[in-house]
Amino acid sequence: MSEVAIRCEGLGKRYRIGPRERYYALRDTIAGAMYAPFRGLSRLVNPRSAGNHPQSNNTIWALKDVSFEIKQGEVVGIIGRNGAGKSTLLKILSRITEPTEGTAEIHGRVGSLLEVGTGFHPELTGRENIYLNGAILGMRKAEIVRKFDEIVAFAEVEKFIDTPVKHYSSGMYMRLAFAVAAHLESDIMLVDEVLAVGDAAFQKKCLGKMGDVAKEGRTVLFVSHNIVAILGLCQRAILFDHGRVLEDGVSQNVVGQYLQAIEKTTDLPLANRLDRQGNQALSFVTFELRDSNGAPIPRVYSGQDVIIALIYRSNTSRPLKDVHVAIGVHGRFDETLFHLSTSVNGFEFEKVPPKGMILCKIPRLPLQPGRYSLNVYCTVAGDIADWIQNAGVFEVEAGDFFGSGKLPPADQGVFMVPHSWKISSTENS
Amino acid sequence: MTTAIKESSARKADPERTLVQTHEREPGRGRPTLLIRPSRGWAALDLADLWHYRELIYFLTWRDIKVRYKQTVLGGAWAILQPFLTMVVFSVFFGRLAGIPSDGLPYPIFAYCALLPWQLFAHALTESSNSLVANERLITKVYFPRLVVPISAVLAGLLDFLVAFVVLIGMMMYYHIRPTAAVWTVPLFLLLAVGAALGVGLWLSALNVQYRDVRYTIPFLTQFWLFLTPVAYPSTLVPVSWRALYGLNPMAGVVEGFRWALLGKTEGPGALLAVSVAITIVMLVGGLYYFRRMEKTFADVV
């Protein structure tokens, strides 16, 4: 099986950015037509001139000079930061949008899964949505009929199959949506981040199904931020950065490169980070680790009382209300280890001054030695105010977590858990 | 619009300006081969691809029908109430108070018979024009020939028409109107109405993706168009010398055709109908090509 499934040569996609990207009021065209009648009206029939002015610098290449070849049966992970061009690539390969330049050759029937549940209608029942969604994904009616029971069983919604999906729990909804897509018969699967949704059990099930698909000898192109999933499923990975292929090879190596690249961004002070989301009603300026006396420390030890300090500013001079903060701690594969959150532990900030410092204390840090990274997240009045992924990294060094005078062995998991032992006899006396 | 078309085909030589996606299926092999590249010039209609996706047209039409009257108390009765109540209003104000002639037919059935194709047309036009924007999720996440969307939006209106048609049959019995052999031409006029709605709908839906002004224009458009169509009045009010020109409104041909085919009193719509058919074909073919040309940017712009 060394036949080529996908071959891309010099693929590029240019988008126009800026305020005019989405709407072009008809009056603009008409007004333009008064000055230059033909040029203005030609926008109506000439799609490129409507959206793109190549000479202006309001354009951005979402994808540039992308070339690679994927053999039949290969399972390839596509990784890269937000905006690296991964989704644009899948959109071009699944024919949703056209490339601006270059060619792509695809041998085999393509099933693309850029989103699960596309076209689901809340008023329709589970049964009706299976047919509708199947047809949208390109399945024939006969194919859907044949797979119907399998889909329902996979989604575990037998009892509710004739209930409108608007009454489904979000878990059921996602399961049904994924089930339809997973049963699409195709030679090539293009999958985008579908595993980022749903609960852990569902994600595990999806990953299992993806693994099966890969074993059947189908070609899979899999975009994900979930590095663990990529390592588990794909032998090969392609790293994208700013629309270009940065690295292409064995997934372990490529993932390593990616993780290094992520760390580099964490050198940047939080205040200067641009890769953040939210309305910035409150924004993080710096992050620091402190010991229990409040003194900044460069590194921490297992078992130490640690304070994570987040210095922030806001865009008003008045105190803020209804502020919630969360910190996600991630391990070396960018997998979430735990989550520290005011909305979960029930804490409410009484007064939030317009500028200040948020402190989160972790008594007896239960982490094994290693390198960890943080995501910081904050909402004000229910809206996301600031959200930075990989906001910072910190090193944990071996420490006497158990207070036993001994250092725990390295490479024994991620966490240390306080525990005690006891012994009793089971001999009959 | 014709100027614009000429203008841009003159530019075809400029490769930067034109792109169309070509996809070729290799015949005779198990695995189809697809070539994706920037396209040039005006795209072919590729009706084969559309035919390949015929089941999707069916399912989207079926969805629109299923969902339309969900969570309404009266449900499908709306399909009857809309033309029927309009007919009552027209009969009172135009028929009774204004005394508008009705070609010797009872005014209520004169108006109702015209309202059926009119409402089919107006509804199909509105729905198809908004269809691409309404189905934005589909367009940005899945590939299929985009023509599927406005086509199924138009087709979904046919069921309402059929339901309301039953009332017309009842009214014909009430007024003792026996249809002549001309009744067999009704499907053709229906086809003309659907074709006209699709022709305009294709232009407007593609424009709506880029210019949301279209959405706000449509209610006015349908209102003006109603006055330009002999629904509340007979086309005999239009001077004979202008009659053929009047056919430039394809709905004039459709409405007069319906009255002729079903109620039989009026004379066959000769020249007027010919003009209507011709203009419908021009609009439809033009709309198809325009739509195909704009199609490639839908996912980026919508």
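With that settled, the discussion passes to the packing of helix α4 (residues 77–97) of chain B against helix α5 (residues 107–134) of chain B. Residues and elements named next belong to chain B. Here α4 crosses α5 at 135 degrees, and the two axes come no closer than 9 Å. Put simply, α4 runs oblique to α5. The handedness of the crossing between α4 and α5 is right-handed. Facing α4, whose interface residues are Gln82, Pro83, Thr86, Met87, Phe90, Ser91 and Gly95, α5 presents Tyr107, Pro108, Ala111, Tyr112, Leu115, Leu116 and Gln119.

With 159 residues, the main nonpolar core has Phe222 of chain A together with Ala111, Cys113, Phe121, Ala193 and Ala197 of chain B as its most contacted residues. A total of 16 residues in this core trace back to one element, the largest contributor, which is α5 of chain B. Excluding its chain neighbours within four sequence positions, the residues that come into contact with Ala111 of chain B are Met87, Phe90, Ser91, Gly95, Val231 and Ala232 of chain B. Of all hydrophobic cores here, the second largest spans 26 residues; its members include Leu282, Phe284, Leu374 and Val376 of chain A.

Turning our attention to helix α5 (residues 126–136) of chain A. Most of α5 of chain A is tucked away: 10 of the 11 residues are buried. Among all positions of α5 of chain A, only Gly126, Glu128, Asn129, Ile130, Tyr131, Leu132, Asn133, Gly134, Ala135 and Ile136 of chain A are buried. Against the buried residues of α5 of chain A lie α6 (141–155) and α7 (170–182) of chain A together with α3 (54–68) and α6 (136–141) of chain B. With its phi angle positive at about 100 degrees, Gly138 of chain A sits one or two positions after the end of α5 of chain A.

For the rest of this paragraph, the subject is the domain arrangement of chain A. Residues and elements named next belong to chain A. Each assigned domain of chain A is listed here: domain 1 (18–57), domain 2 (62–262) and domain 3 (270–397). For domain 2 and domain 3, the distance between their C-alpha centres works out to 33 Å. Contact with domain 2, which involves five residues of that partner, is made by five residues of domain 3. Those elements giving two or more residues to the side of domain 2 that touches domain 3 turn out to be α9 (227–233) and α10 (251–265). Across the side of domain 2 that touches domain 3, the residue classes break down as four nonpolar, one polar and no charged.

This brings us to unusual backbone geometry. Phi is positive for Arg95 of chain A, which is not a glycine, with a value near 70 degrees. Within the secondary structure, Arg95 of chain A is located in the loop between α4 (86–93) and β4 (101–107). With a phi angle near 55 degrees, His176 of chain B is a residue other than glycine that sits in the positive phi range. Note on placement: His176 of chain B falls in the loop between α8 (157–174) and α9 (186–210).

Residue and element names in this part refer to chain A. With respect to topology, six strands assemble into an open sheet ordered β5-β6-β7-β3-β8-β9, the strand pairing being mixed. Each end of this open sheet is capped by a strand with a single partner; those strands are β5 (110–113) and β9 (244–250). Strand-to-strand, the axes of this sheet are offset by a mean angle of 15 degrees, without reference to chain direction. Note that strand β8 (residues 236–241) and β9 share six bridges and pair antiparallel.

All names here are of chain B. Averaged over chain B, the pLDDT score is 84; the fraction of residues at 70 or greater is 88%. When the criterion is pLDDT under 50, residues 1–29 qualifies, and its contacts beyond four places in sequence or with other chains add up to 52 contacts. On the interface metric, ipTM, the complex scores 0.81, and its pTM is 0.73.

What counts as what
- Residues numbered from 1 in each chain as written.
- Chains lettered and ligands numbered in written order.
- Predicted model: local features only at pLDDT ≥ 70, side-chain atom pairs only at ≥ 80, totals over all residues.
- Axes fitted to C-alpha atoms, helices over the stretch in contact; angles between N-to-C directions.
- Helix = DSSP H or I, 4+ residues; strand = E, 2+ residues; numbered from the N terminus.
- Parallel < 35°, antiparallel > 145°, perpendicular 65-115°, else oblique.
- Left-handed = near helix turned anticlockwise from the far one by under 90°.
- Contact = placed C-beta atoms within 7 Å.
- Core = buried A, V, L, I, M, F, W, Y, C linked by C-beta atoms within 7 Å.
- Buried ≥ 20, exposed ≤ 12 C-beta atoms within 10 Å, placed from the backbone.
- Domains from an automatic or database assignment.
- Nonpolar A, V, L, I, M, F, W, Y, C, P; charged D, E, K, R; others polar.
- Pairing = 2+ DSSP bridges.
- pLDDT = per-residue confidence, 0-100.

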